[in-house]
Each structure stands twice: as structure tokens, then as C-alpha cells.
Amino acid sequence: MTQAAYDTATIPRTGRSALVPVDVDAAVDGPRMLMAIHERVERQFAAYEDAEGSHARQHHALRAIGAVLASHVVLEDELLYPALRAQTGRYDAEIAQQLQQDHLLDMILVELRGMIPSDPGYDAKVRVLMQVFRQHARDAEGLLVPELRRRLDPAEREVLGRRLLERVATLEGRARSGW
């Protein structure tokens, strides 16, 4: 089955991928929102793993993974890392490494976009994507969460959380090209 055939066979007619929403309670605090975003990606990974044996379901799950990872990268790059830099002046090797992990996730997704689940190496590439993301999430939570909690007062963390939630709504409210 071709990429186009998977696209039309597995994506709902609404044009939106089936995404598990971010927990609204977590949105009131920027650091908690980051962890909720990471948990959201993990739920999409679980959907991929649950789809084992069904190429159409795996493809659909990967499209959802691509969509939530795209939102994740934008949120970190546009809001979370700038918030950290604004409070600390930090732009060090740890942040540079996080940005490179985001770039690596994007590159893997670009390669997967040109594949279908029956292609050799497809599942292995998805597993590497999961591995890179999980390391990235651990690193980001270890870097951002403590710093933001220490540097921002509760009201500032809430403002950041609300900005993250608003940005998710903006990103996911528009049509996605490529995924």
C-alpha cells in the first residue's frame, strides 16, 4: 500500500489526527504542562505499540506521534527555553543538546514520512524515535522543571502554563501539512 493510500484509509475525514488532549489541570503551571506534553507523546507511542500487526493502525499512530511531537518542539523552542533564558541568561551546552535532540526527532520523522509500515527498517526507526524522545524528555524535565520552579513564582508559572495551552490550541487548530 502506498503512502497516499495509508493517508486516505486511516485519517478521519475531519483532516485532524486523533490526539489525546493535554490534561487541563496540568496547564495551570508551566513545568507541569511540560510533563503533560511529554506524557501525551508517550500515550501516542503506546497507541503505536498497541497497533502491532496492523500496518494501517501503525501508520495512523505514527501520524498522531508526528503531530504531537511537532507541537512539543514548537512549545519548547518558542516558550519554554526562552522562559528559561529570560530568567537565567542561560544558553549553555545542555540547552544546545536539547535543541539538537529536537532536530534529531524532526529528522527521524522526515525519514518516516517517506516510508510505510511494511518497509524494512520502519519499526526499528520508530523505536529509535521513541528512544531519542524518551532521553530528550528525561533531559528536558531534569533541566527545565527545577529551573522554572526555582526561578518563576507561582503566578509566572501559571502564566507560562496558560501560554503553553493557548499555543497548543493554535497549533492544533490549524490544518497540518505533512502529518
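Residues numbered from 1 in each chain as written. Predicted model: local features only at pLDDT ≥ 70, side-chain atom pairs only at ≥ 80, totals over all residues. Heavy atoms only, no water.

Novice: Looking at this structure, I do not really get the pattern of salt bridges. What am I missing?
Specialist: This model, assessed by the stated rule, comprises 10 salt bridges. Residue arginine 127 is joined to aspartate 123 by a salt bridge in which the shortest nitrogen-to-oxygen separation is 3.4 Å. A residue pair is termed a helical-turn pair when its members lie 3 or 4 positions apart in one helix, as arginine 127 and aspartate 123 do in helix α5 (residues 122–151) at four residues. A residue is classified by how much of its surface remains accessible, and arginine 127, at 32% relative accessible area, is partly exposed. Across the pair glutamate 158 and arginine 162 runs a salt bridge, and its minimum N-O distance is 2.8 Å. Of the two residues, glutamate 158 and arginine 162 both sit in helix α6 (residues 154–173), four residues apart, roughly one turn of that helix. Connected through shared salt-bridge partners, Glu49, Asp123 and Arg127 make up one network. (Salt bridge = Lys/Arg side-chain N within 4 Å of Asp/Glu carboxyl O. Helix = DSSP H or I, 4+ residues; strand = E, 2+ residues; numbered from the N terminus. Buried < 20%, exposed > 50% of the residue type's maximum accessible area, 1.4 Å probe, protein only.)

Novice: Explanation requested: the packing of aromatic side chains in the structure shown.
Specialist: Across all of its chains, the model carries one aromatic pair by this definition. Taking the centre distance of 5.6 Å and the plane angle of 80° together, the rings of phenylalanine 45 and phenylalanine 133 count as edge-to-face. Placement of phenylalanine 45 in helix α2 (residues 30–50) and of phenylalanine 133 in helix α5 is noted, with a sequence separation of 88 residues between them. (Phe/Tyr/Trp six-rings, centres within 6.5 Å; stacked < 30°, edge-to-face > 60°.)

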